[in-house]
Amino acid sequence: MGAKSAHHDDVSSCKSPPIGGDKDTLEHFLQWRGWDVDGILREYDLSSTETDAAVGLLSHPLTFPLTLGRHLQALLPETPSPDVKKQIRLCCVGARAECTLPDDFWRELLVAAVSLNDHCSLHCTIDFVGPDVPKHLTSSKTISLIDGDGCGEQQPTYELTLNYHTSFLHEVVLKLLKSSHATNAESSFDRTEQIRQFWDGFVLYNPGLGHPNLSGQWEPTLKFLVGTGKPLLLTAHSTLDAERDRMVLETLLAERGDVLVQYKANPFASRMSYADPFGTEGGEVHIVRPNHSVLFLQ
């Protein structure tokens, strides 16, 4: 569905926010954006009875930017002044389908930021890291958006820079250490601290932390992520997937007794479901939906 708002690159944050509160739904977001799904269906001589299917189709690529956008405020580091341009750098660990989205869909993350921000410019950087990041995605790119609220002389600008690394996280960290120009006088603690501060948070879309075929691969990465002390945004494919991941995280975080690991339903989950390609569970087919459940750890 190629529907786009007339304000695609000029979005007003003076309107009612489409994310948060009791209207935290995909339908409300689409209405706020001016994406007339029914009108587009009529344009192509399709019945309005196909609306649910069309919205479901839109939900699949939008689930990644909107799930992140819904939690972006919580991920943002503190700034010395509310008027200072906000900067955030996130690492999307184990990136797959999300890093191949067309720019127009990732721009919706900036749209979500406009609706949640107080007319303050923002630059967000996402490093997509993982062996499944397509190798042809090698160059960095920046997507821009202007907050056209007309509420001040200078219109806030929103920018999203996307970087791609077809590597495991530990390989990217090793490159960072080698490129940090550390002197002999610097201790290993100093260099480790540099890495801990490089990212402001981590995003793991549908990682399958507790999946029988994947759990062993995730253990060292999870220990590193938790050790940074930075916020984590995680999603799961299903209730079963979330429960398996929860048990892994609770074991890992057992020493931090104050941490509540509780996945919640994601209002911006994909509405396209399919069978788990890794097999069945208890003899039954395991049906999954990308970003079905969401967990934010701080």
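A brief look at the structure comes next. It should be emphasised that the depicted structure is a prediction, and the values quoted were computed from it without experimental measurement. The written sequence of each chain sets the order in which its residues are numbered from 1. Local features in this predicted model are restricted to residues whose pLDDT is 70 or higher, and side-chain atom pairs enter the listing and the counts only when it is 80 or higher, whereas totals over whole chains, interfaces and linings include all residues. By convention in this description, side-chain values take in all heavy atoms of the structure and omit both hydrogens and water.

Moving on, we get to the pattern of salt bridges. One speaks of a salt bridge when a side-chain nitrogen belonging to Lys or Arg is within 4 Å of a carboxyl oxygen belonging to Asp or Glu. This model, assessed by the stated rule, comprises 11 salt bridges. Here Arg33 makes a salt bridge to Glu108, at a shortest N to O gap of 2.8 Å. Taken together, the residues span a long stretch of sequence, with Arg33 in helix α1 (residues 26–33) and Glu108 in helix α4 (residues 103–116) at a distance of 75 residues. As far as the burial class goes, Arg33 and Glu108 line up, both buried. Among the ionic pairs, Arg246 bridges to Glu250, the shortest N-O distance being 2.7 Å. Linking Arg246 with Glu250, this pair stays in helix α8 (residues 239–252), spanning 4 residues, or about one helical turn. Shared partners join several salt bridges into a network, and the residues in it are Glu243, Arg246 and Glu250. Per the convention used, a helix needs a DSSP run of H or I reaching at least four residues, while a strand needs a run of E reaching at least two, with both numbered from the N terminus. Only protein chains enter the area calculation, which uses a 1.4 Å probe; residues under 20% of their type maximum are buried, those over 50% are exposed, and those in between are partly exposed.

Bringing the packing of helix α7 (residues 215–228) against α8 into the picture now. At a closest axis distance of 11 Å, the pairing of α7 and α8 adopts a crossing angle of 60 degrees. Considering the angle they form, α7 stands oblique to α8. α7 and α8 meet at a crossing whose hand is right-handed. For the pair α7 and α8, the contacting residues are Leu222, Lys223 and Val226 in the first and Val248, Leu249 and Leu252 in the second. Helix axes are fitted to C-alpha atoms over the stretch in contact, other axes to C-alpha atoms as well, and angles between N-to-C directions run from 0 to 180 degrees. Each angle receives one of four descriptions, namely roughly parallel if under 35 degrees, roughly antiparallel if over 145, roughly perpendicular if within 65 to 115, and oblique otherwise. For a crossing to be left-handed, the near helix must be turned anticlockwise from the far one by less than a right angle; the clockwise case is right-handed. Every residue pair with non-hydrogen atoms within 4.5 Å of one another is taken to be in contact.

For Asn206, which is not a glycine, the phi torsion comes out positive at approximately 50 degrees. The exposure class assigned to Asn206 is buried, which follows from its relative accessible area of 5%. The backbone phi angle of Asn291 is positive, close to 60 degrees, even though this residue is not glycine. Here Asn291 lies in the loop between β10 (284–288) and β11 (293–297). The buried category is assigned to Asn291, whose relative accessible area is 0%.

Time to look at the packing of aromatic side chains. Any pair of Phe, Tyr and Trp rings, taking the six-membered ring for Trp, is counted once the centres come within 6.5 Å. Such a pair is stacked with planes under 30 degrees apart, edge-to-face with planes over 60 apart, and tilted for the rest. Counting across every chain of the model gives 7 aromatic pairs. Relative to Trp32, the ring of Phe29 has its centre 6.1 Å away and its plane inclined at 35 degrees; by these criteria the two rings are tilted. On the criterion of helical spacing, the pair formed by Phe29 and Trp32 is a turn pair, its members being 3 residues apart in helix α1. Both residues of the pair, Phe29 and Trp32, count as buried. An aromatic cluster is present here, built from Phe198, Trp199, Phe202 and Phe224 joined pairwise through their rings.

Another aspect to go through is helix α3 (residues 51–75). Under the convention used throughout, the expected extent of a helix is 1.5 Å for every residue step, that is, one less than its residue count. End to end, α3 covers 34 Å across 25 residues, agreeing with the expected 36 Å (1.5 Å per residue, within 8%). The angle separating two fitted axes, one through the seven residues that finish at a residue and one through the seven that start at it, defines the bend at that residue. Considering bend angle alone, the principal kink of α3 is centred on Leu62 and spans about 60 degrees; proline Pro65 follows within four residues of it. Within α3, 18 of the 25 residues are buried, which leaves the element mostly enclosed by the surrounding structure.

Take the nonpolar core next. Nonpolar cores are built from buried Ala, Val, Leu, Ile, Met, Phe, Trp, Tyr and Cys residues. Side-chain atoms within 4.5 Å join them into one set. Ranked by size, the top nonpolar core spans 49 residues in total, and within it Leu30, Leu68, Trp106, Ile126, Phe128 and Leu160 carry the most contacts. Breaking this core down by element, the ones donating at least two residues are α1, α2 (37–43), α3, β2 (86–93), α4, β3 (122–129), β4 (141–147) and β5 (157–165). No other element matches the 9 residues that α3 contributes to this core. Discounting residues that sit within four places of it in the chain, Leu30 has contacts with Trp35, Val37, Val55, Leu58 and Leu62.

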